[in-house]
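Summary of structural features
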Amino acid sequence: MKSTVSTQTVARSNERGGLRVKFDFRSYTLVIALIFIALIFGMLTEGEFLSSRNLSNLFMQMSVISILAIGMTLVIIAGHIDLSVGSLVGLTGGIVAILQVWYGWGTVSVIIVAIAIGAIAGLWQGWWVSYRGVPAFIVTLGGMLIFRGILIGISKGQTIAPLEESFEIIGNSYLPYVPGYVLAIISMVLLYVWTAWNRKKRQSIGLTVRTKMNDYGKVTIYSLCILVLVYMLNRYYGIPIPMLVVVLFAAIFVFITLKTPFGRYIYAIGGNIEAAALSGINIKRVILSVFVLMGALSGVAGIILTSRLNAAAVSSGEMYELDAIAACVIGGTSLMGGKGNIVGAIVGALIMASIDNGMSMMNIETFWQFIVKGLILIIAVWIDISSKSQQA
């Protein structure tokens, strides 16, 4: 029995190692694509695309989709989909605006309510999927219609504005210059500490460790990128607060997916649900939890969107679910389940936002923007399917 378990453990470790190498290749491809996009739009806009002001606006714009992409990555890895997140963003943002503008609630109270309502909506949908066996596509498609209908009903079809200044600053404020550099230095130190800790842990359990030049060389490159980015943003107003929110949630969920049993359960369920059940994983509870987290993150996204616009409208969040799914797929998350990475999804969101931003700056008509994003999504899925076919 011990021999069987040991063999299976080694096999799983080797498999994860293989996936990690492939993801590294995919992530480098994404970074190259992002650099290429930045250079193309930089030349076509005479450098304006790469200006500090536009970069700051770009990170502001991508924050909502990035937060949704974090949760959507977990949902897709688990082998499901959530089509309701755009409507839930609109609903939670609308509730925030109604409570604050019409009923005079404070900022802290409406934030708590928005996240709680998002989590409850996720709980409701997760219950149908995990405990009643209704396909997630159908449940969340119904949720998309229900949440949008509730928003229209409670808002009476009106645009609700303006909100309190204390709420508005959430999506429109910046971290000052000095704290920005301090945070950058802290991030760089944490990267080196994290790398050293990972190397030591892998050595202690007998796993292969890459060369110091490889590991610390990459950390050095990441650190330089952080410094350059902070410098560019500080040339405008500083680091946008929504960007820091994205980084915070990304760090939390990267840790959850890579370093906790819950994260490993999500990958196991998406990879092979029968094997996961036989190994004793409570599949229903895990799936339910994933949808609750997706709902809560939709509430956070609704808060940021409403704060940034300083208004809530019945059209808020429309099509955001498709942008979030596209970001995940472009970032390497497989629609077949069992494979994905939160950092890749955020890079995918940045690519999508960059294309939107660049084409808008060039005054390209909206219909072309939809066409280009649709083609990118199809190509990304085709690449994923082709890579799986080659593996088989």
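Report on the accompanying structure. (Residues numbered from 1 in each chain as written. Predicted model: local features only at pLDDT ≥ 70, side-chain atom pairs only at ≥ 80, totals over all residues. Heavy atoms only, no water.)

A few words on the packing of aromatic side chains. In the structure shown here, the tally under the stated rule is 9 aromatic pairs. For the ring pair Trp127 and Trp128, a centre distance of 5.0 Å and an interplane angle of 75° mean the geometry is edge-to-face. With a centroid separation of 5.3 Å and 35° between ring planes, the pair formed by Phe367 and Trp368 is classed as tilted. Taken together, Trp124, Trp127 and Trp128 form an aromatic cluster joined through their ring pairs. (Phe/Tyr/Trp six-rings, centres within 6.5 Å; stacked < 30°, edge-to-face > 60°.)

Moving on to helix H3 (residues 85-102). Between the first and last C-alpha of H3 there are 25 Å, a value that for 18 residues agrees with the 26 Å anticipated at 1.5 Å per step. By the criterion of burial, H3 is predominantly enclosed, with 16 of the 18 residues buried. Gly104 sits one or two residues past H3 and shows a positive phi near 70°. (Helix = DSSP H or I, 4+ residues; strand = E, 2+ residues; numbered from the N terminus. Expected span 1.5 Å × (residues − 1). Buried < 20%, exposed > 50% of the residue type's maximum accessible area, 1.4 Å probe, protein only.)

In globular proteins that are soluble, nonpolar side chains generally tend to be buried together. By size, the foremost hydrophobic cluster in this structure holds 75 residues, and its most contacted members are Leu68, Ile70, Met72 and Ile351. Element by element, the count of residues in this core is highest for helix H2 (residues 52-77), at 15 residues. Contacts of Ile70, omitting those with residues within four sequence positions, involve Val246, Phe249, Ala250, Phe253, Leu297, Ile342 and Ile346. With 18 residues, the next largest nonpolar core counts Ala97, Phe147, Ile170 and Ile303 among its residues. (Core = buried A, V, L, I, M, F, W, Y, C linked by side-chain atoms within 4.5 Å. Contact = heavy atoms within 4.5 Å.)

With respect to the element layout, Met359 can be found in helix H14 (residues 342-361). By relative accessible area, which is 6% here, Met359 ends up buried.

Along the chain, Ser155 falls in helix H5 (residues 136-155). A polar atom in the side chain of Ser155 sits 2.7 Å from the backbone oxygen of Leu151. (Polar contact = N/O pair within 3.5 Å; in protein donor to acceptor, adjacent residues only side chain to side chain.)

Attention now goes to unusual backbone geometry. In this structure, the amide linkage connecting Ala161 to the following residue, Pro162, adopts the cis form with an omega of -10°. Within the secondary structure layout, Pro162 lies in the loop between H5 and helix H6 (165-172). The backbone of Lys156 shows a phi angle near 60°, a positive value even though the residue is not glycine. You will see that Asn363, though not glycine, has its phi angle at about 60°, which is positive. Locating Asn363 in the fold gives a position in the loop between H14 and helix H15 (366-391). Overall, the relative accessible area of 69% leaves Asn363 in the exposed class.

Glancing now at helix H7 (residues 177-204). Given a rise of 1.5 Å per residue, 28 residues ought to cover 40 Å, and the 41 Å separating the end C-alpha atoms of H7 matches this to within 8%. When H7 is considered as a whole, its buried residues turn out to be Gly180, Ala184, Met188, Thr195, Asn198 and Arg199. Close packing links the buried residues of H7 with strand E1 (174-175), helix H8 (212-234), strand E2 (239-240) and helix H9 (241-259). The positive-phi residue at the C-terminal boundary of H7 is Gly206, with phi of around 80°.

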